[in-house]
Amino acid sequence: MSSQTSTASASVNTLSGLHSSRPRTGTFERPGSVRVNVQGAFIVDDDSPGSPPRNGPTETKDIRLPYHKSEVSHIAVDIGGSLAKLVYFTRDPNGEGGKLNFKNFETERIDDLINFMDRLMTGGDTLLTIPEQDEDAREQIKQKRRRDGLHVMATGGGAYKFYDNFRERLGVEIYREDEMECLIVGLDFFINEIPEEVFTYSETDPMQFAETGAATYPYLLVNIGSGVSMIKVSGPQQFERIGGSSLGGGTLWGLLSLLTDATSFDEMLGMAEHGDNTAVDMLVGDIYGTDYGRIGLKSTTIASSFGKVFKKSQEGKPLETSSGSSACSMPTDRRKKFRQEDISRSLLYAISNNIGQIAYLQAQHHNIEHIYFGGSFIRGHHQTMNTLSYAIRFWSKGTKQAYFLRHEGYLGSVGAFLRRQPMRGWGRRYSAGELDGEKLWKGALGRGRRGRVIEEV
């Protein structure tokens, strides 16, 4: 899911030949919102025939919707403190449905996101190619977009911070959606409608997919972005934020920017992959020389994150001068004693362990069994997932389970994509917001079908 700055295009590559072992057979309907046909839906594998090339190991895979025929006249974006996550639908040029596309940008490079969306909306001449002084030409493009019913559904803090910027530069209406509601709408959609999306993780059993089906309430969503929000979900559109932490992805990003030479979050995770935290962390074995079996602590358990740093920094410490100052710069010398990879891994463990324990305590207090971890902090990174899973298993003694998602960073943007339409008949024929759609929906509820986990507007 690394940030991309390549030229955008609204066209779709040929998608024939893609496959999934577990296709969907139903539809997903909500009154007053997009009716997404999820029959046969599957996540596009990188090595599938016809699949477009990927630019990195952590980039999110698209979702193929082979039977979705309805028009989609909007794109959705979730703009957080560190990353902006974009979701948009493109048609298969052969008329065989289309796919949901996922892309992210660093929030500090918000202009890259706006430029991408500008090209996406037009597919030809864009506002970017027209000089600012040519007001008539620019206004014509904006009017065409409004006539075509193009809209942006936005959520996250950036939906407010950058609202005027988006509206002016794209020339379309920006509909702002509540962040927490979008997270739950998106998560329920993934749990219920997309096969091989939700999974559990451990080192011995890396990726076990959970069965696609109705969400089990109550559950806890731990959304890890720049900070951490913990949301108890009691039912469809029944939720409350019960806690959180300021120590999240932004903390890792910020501290490693100070402690290492890494310039991106993915680079930091790459360093952690090759690190050895035992060179930095103080373990139970460092204190006891063995396990502390009486209270269930293995010798490899971290007793103190970064606990060895001070001790090692004193080894070979230069003598002080007569003025009391050191003969060399100690901060610089300290850093040279530790590999950046080891520092990265230690800090990743520290923050992940902290989040995992707080999540367990919240789940225990509220009697919640299922815990879903989402947010762009995770990025499919196996060390992060293993640490969070281990924390939940350890503290709950195996009574609670951590779940992860392959689109963990896009819960909010997918929720915004699925949220209410701005107006009746907006860009689509036979909208689920029309009377017939409402009858169809209520009939589906009466038959007890799945897919009713998102709000009834």
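Criteria and thresholds
Residues numbered from 1 in each chain as written. Predicted model: local features only at pLDDT ≥ 70, side-chain atom pairs only at ≥ 80, totals over all residues. Heavy atoms only, no water. Helix = DSSP H or I, 4+ residues; strand = E, 2+ residues; numbered from the N terminus. Buried < 20%, exposed > 50% of the residue type's maximum accessible area, 1.4 Å probe, protein only. Polar contact = N/O pair within 3.5 Å; in protein donor to acceptor, adjacent residues only side chain to side chain. Pairing = 2+ DSSP bridges. Contact = heavy atoms within 4.5 Å. Salt bridge = Lys/Arg side-chain N within 4 Å of Asp/Glu carboxyl O. Axes fitted to C-alpha atoms, helices over the stretch in contact; angles between N-to-C directions. Parallel < 35°, antiparallel > 145°, perpendicular 65-115°, else oblique. Nonpolar A, V, L, I, M, F, W, Y, C, P; charged D, E, K, R; others polar. Left-handed = near helix turned anticlockwise from the far one by under 90°. Phe/Tyr/Trp six-rings, centres within 6.5 Å; stacked < 30°, edge-to-face > 60°. Lys NZ or Arg CZ within 6 Å of the ring centre and 35° of its normal.

**Let's talk about the side chain of Arg379**
Then, number 1: Structurally, the position occupied by Arg379 is in the loop between strand 15 (370-374) and helix 12 (382-396).
Then, number 2: Classification of Arg379 by relative accessible area gives buried; the value is 6%.
Then, number 3: Reaching out from Arg379, the side chain makes a polar contact with the side chain of Asp266 at a distance of 2.8 Å.

**Details of unusual backbone geometry**
Then, number 1: Tyr217 connects to Pro218 through a cis peptide bond whose omega is -5°.
Then, number 2: By secondary structure assignment, the location of Pro218 is in the loop between strand 9 (208-209) and strand 10 (219-224).
Then, number 3: For Arg379, which is not glycine, the phi dihedral falls at a positive 55°.

**Some details on the sheet that holds strand 10**
Then, number 1: In spatial order, the strands read 9-8-16-15-10-11-12; together these seven strands make up an open sheet with mixed pairing. Each having just a single partner strand, strand 9 and strand 12 (238-245) make up the two edges of the open sheet.
Then, number 2: Note: strand 8 (residues 198-200) against strand 16 (residues 401-405), two bridges, orientation antiparallel. Paired with Phe199 across the strands is Phe404, a residue of strand 16.

**Observations regarding the side chain of Gln362**
Then, number 1: Structurally, Gln362 is set in helix 11 (residues 340-365).
Then, number 2: By relative accessible area, which is 16% here, Gln362 ends up buried.
Then, number 3: A polar atom in the side chain of Gln362 sits 3.3 Å from the backbone oxygen of Ile242.
Then, number 4: Those residues within four positions of Gln362 in sequence are excluded, and the remaining contacts are Leu220, Met230, Ile242 and Gly243.

**Describing the sheet that holds strand 7 (residues 173-176)**
Then, number 1: Read from one edge of the open sheet, seven strands run 1-2-5-4-3-6-7, paired in mixed fashion. A strand with exactly one partner marks an edge of an open sheet, and here the two such strands are strand 1 (42-43) and strand 7.
Then, number 2: Bridge count for strand 6 (residues 151-155) against strand 7 is four bridges, and the pairing is parallel. Paired with His151 across the strands is Glu173, a residue of strand 7.

**Focus: the pairing of strand 5 (residues 98-106)**
Then, number 1: The buried fraction of strand 5 is high, at nine of nine residues.
Then, number 2: As judged from the three bridges shared by strand 2 (residues 63-65) and strand 5, these two strands associate in the antiparallel manner. Across the sheet, the residue bridging to Ile63 is Leu100, located in strand 5.
Then, number 3: Pairing analysis gives nine bridges linking strand 4 (residues 83-91) to strand 5, with the strands arranged antiparallel. Directly across from Phe89, in strand 5, lies its bridge partner Leu100.

**Focus on the pattern of salt bridges**
Pairing is possible between side chains that carry opposite charge, provided their charged atoms lie close to one another.
Then, number 1: A complete count under the given rule lists nine salt bridges for this structure.
Then, number 2: Between Glu341 and Arg339 there is a salt bridge whose closest N-O contact spans 3.7 Å.
Then, number 3: Across the pair Asp342 and Arg339 runs a salt bridge whose closest N-O atoms are separated by 2.7 Å.
Then, number 4: Judged by its relative accessible area of 41%, Arg339 is partly exposed.
Then, number 5: Where salt bridges share partners, they join Arg339, Glu341 and Asp342 into one cluster.

**Some remarks on helix 13 (residues 411-418)**
Then, number 1: Across the eight residues that make up helix 13, a large majority, eight, are buried.
Then, number 2: For helix 13, the full list of buried residues reads Leu411, Gly412, Ser413, Val414, Gly415, Ala416, Phe417 and Leu418.

**Some details on the packing of helix 7 (residues 265-273) against helix 11**
Then, number 1: Relative to each other, helix 7 and helix 11 sit at 100°, their axes nearing to 7 Å. Relative to helix 11, the element helix 7 is oriented roughly perpendicular. Judged by residue contacts, Met268, Leu269, Met271, Ala272 and Glu273 of helix 7 engage Gln340, Glu341, Ser344, Arg345 and Leu348 from helix 11.
Then, number 2: Of the residues contributing to the contact of helix 7 with helix 11, the split by class is five nonpolar, two polar and three charged.

**Looking at the packing of helix 11 against helix 12**
Then, number 1: Viewed as axis vectors pointing N to C, helix 11 and helix 12 meet at an angle of 40°, and their least axial separation amounts to 8 Å. The angle between helix 11 and helix 12 falls in the class oblique. The two elements helix 11 and helix 12 meet at a crossing, and its hand is right-handed. Between helix 11 and helix 12, the residues in contact are Arg345, Leu348, Tyr349, Ser352, Asn353, Ile355, Gly356, Gln357, Ala359 and Tyr360 and Gln383, Thr384, Thr387, Leu388, Ala391, Ile392, Trp395 and Ser396, respectively.
Then, number 2: The residue inventory of the contact of helix 11 with helix 12, partitioned by class, reads nine nonpolar, eight polar and one charged.

**A closer look at the environment of Glu193**
Then, number 1: Mapped onto the secondary structure, Glu193 falls in helix 5 (residues 179-193).
Then, number 2: Judged by relative accessible area, which is 0%, Glu193 ranks as buried.
Then, number 3: Residues Glu193 and Gly213 lie 20 residues apart in sequence; the distance between their C-alpha atoms is 7.2 Å.

**Things to note about the packing of aromatic side chains**
Then, number 1: If you walk through the whole model with that rule in mind, you get 15 aromatic pairs.
Then, number 2: Here the aromatic rings of Phe199 and Phe209 are separated by 6.5 Å at their centres, their planes lie at 80°, and the arrangement is edge-to-face. Taken together, the residues span a long stretch of sequence, with Phe199 in strand 8 and Phe209 in strand 9 at a distance of ten residues.
Then, number 3: Members of the aromatic cluster, joined through ring pairs, are Phe199, Phe209, Phe373 and Phe404.
Then, number 4: Here the basic side chain of Arg176 rests over the ring of Tyr163, its NZ or CZ set 3.9 Å away from the ring centre.

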